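Letter by letter, the chains look like this.
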Amino acid sequence: MIGHDAAWSAWRDAMAGERMHHAWLLAGKSGLGKMHFAHAAARELVGADPTAEHHPDIHVLTHLPKDDKEERKRDEGKPFEIKRNITIGQVRAMQQRLNTRPTMGERRAIIVDPADDMERNASNALLKSLEEPPVGTFFLLVSHRPAKLLPTIRSRCRTLRFHALADREIADLLAALAPDANEATRAAALTAAAGSPGRALAFVELGLGPVAQILHLIAQQGDPEFTLRGELVSAIGNRPDRARLEAVLELARSILDEGLTDLDRQRLPARIAAHAELVRLSGEMPTYNYDPGLLVMEIGTLLAGAAQSSGGPHG
């Protein structure tokens, strides 16, 4: 775990105290390591081997796996995986476990990830367990959109906030975990990361260095002949999956955020408007299910338009 000393300190101070709070909300944007923290904290809580992958007193509520029908849809060429919310059935099954004692000790840990993707009735059911927790049961709710949680759930939890890491910390992580990546790819990963080590590693693993170079060129000089946008579509590939497209969107948003403090007031609104449109595209990705290339062209066009409005060549 890199860059979260304050969270660890608060957790371990609570562990050492006379009364440990029963519910914790791990809040922060995606890719910061909240889930890794939750598992490590849960292992400490139940006294498990720090290297153990599984423990009978650590239970995880997460998205249900895709069924065969959904798998067939994906295999037919649709690039977006169908993500299913945590259901009330899953929460009730977990509550049944809470009627028995922990298997190996006096404590058990329940990890909910992502807690903000629970169905409404599942949230209400979980709230009952948070209000009347069984003795020795502790909850770790992982969320990168805590505002989506019921206020009553948030009020039952002690919050640990996870903040963006410094570029130096992420660079050290890339050097350790992606030593074969070239310097250009690492530099692009830092831009795309925006403080998220998980995002930086995903960027390197997805091989998006060439894509980053093209996006930067479009943002700097526009694309009057649509040449760079064609290269962008080719660089991303014919059938990009959702993870790849999400990484490209995040990178484009990070590029638009660069140098904002140095822009004059006339150029700033166009950059902000383009950023807002990229956020909209992020929420509308499923509508591009059958033609992800069109989404890629829209990303390039937004960057080209921002370059034009910022005084660059016409796009």
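Structure's up top.
Residues numbered from 1 in each chain as written. Predicted model: local features only at pLDDT ≥ 70, side-chain atom pairs only at ≥ 80, totals over all residues. Heavy atoms only, no water.

Caption draft 1: Focus on the overall build of the protein chain. Across its full length, the protein chain holds 14 helices and five strands. When each of the 315 residues of the protein chain is scored for burial, the buried share is 45%. Taking all contacts inside the protein chain whose residues are at least 6 apart in sequence as the whole, residues at least 24 apart take part in 74%. By element, 50% of the accessible surface of the protein chain is carried by carbon and sulfur atoms, the whole surface being about 16,400 Å². (Helix = DSSP H or I, 4+ residues; strand = E, 2+ residues; numbered from the N terminus. Buried < 20%, exposed > 50% of the residue type's maximum accessible area, 1.4 Å probe, protein only. Contact = heavy atoms within 4.5 Å. Areas by Shrake-Rupley, 256 points an atom, 1.4 Å probe, with all protein chains shown as cover.)

Caption draft 2: Expanded view of unusual backbone geometry. Backbone torsion omega between aspartate 113 and proline 114 reads -5 degrees, so that peptide bond is classified as cis. Counting through the fold element by element, proline 114 comes out in the loop between strand S3 (108-112) and helix H5 (120-131). The phi torsion at phenylalanine 226 lies on the positive side, around 65 degrees, for a residue other than glycine. Assignment of secondary structure puts phenylalanine 226 in the loop between helix H10 (209-221) and helix H11 (227-236).

Caption draft 3: Geometry of the packing of helix H4 (residues 88-97) against H5. For the pair H4 and H5, interaxial distance at closest approach is 8 Å and the crossing angle is 20 degrees. Classed by the angle they form, the pair H4 and H5 counts as roughly parallel. As for how H4 packs across H5, the hand of that crossing is left-handed. Side by side, H4 and H5 meet where Ile88, Val91, Met94 and Gln95 of the first sit next to Asn121, Ala122, Ala125, Leu126 and Ser129 of the second. Tallied by class, the residues present in the contact of H4 with H5 amount to six nonpolar, three polar and no charged. (Axes fitted to C-alpha atoms, helices over the stretch in contact; angles between N-to-C directions. Parallel < 35°, antiparallel > 145°, perpendicular 65-115°, else oblique. Left-handed = near helix turned anticlockwise from the far one by under 90°. Nonpolar A, V, L, I, M, F, W, Y, C, P; charged D, E, K, R; others polar.)

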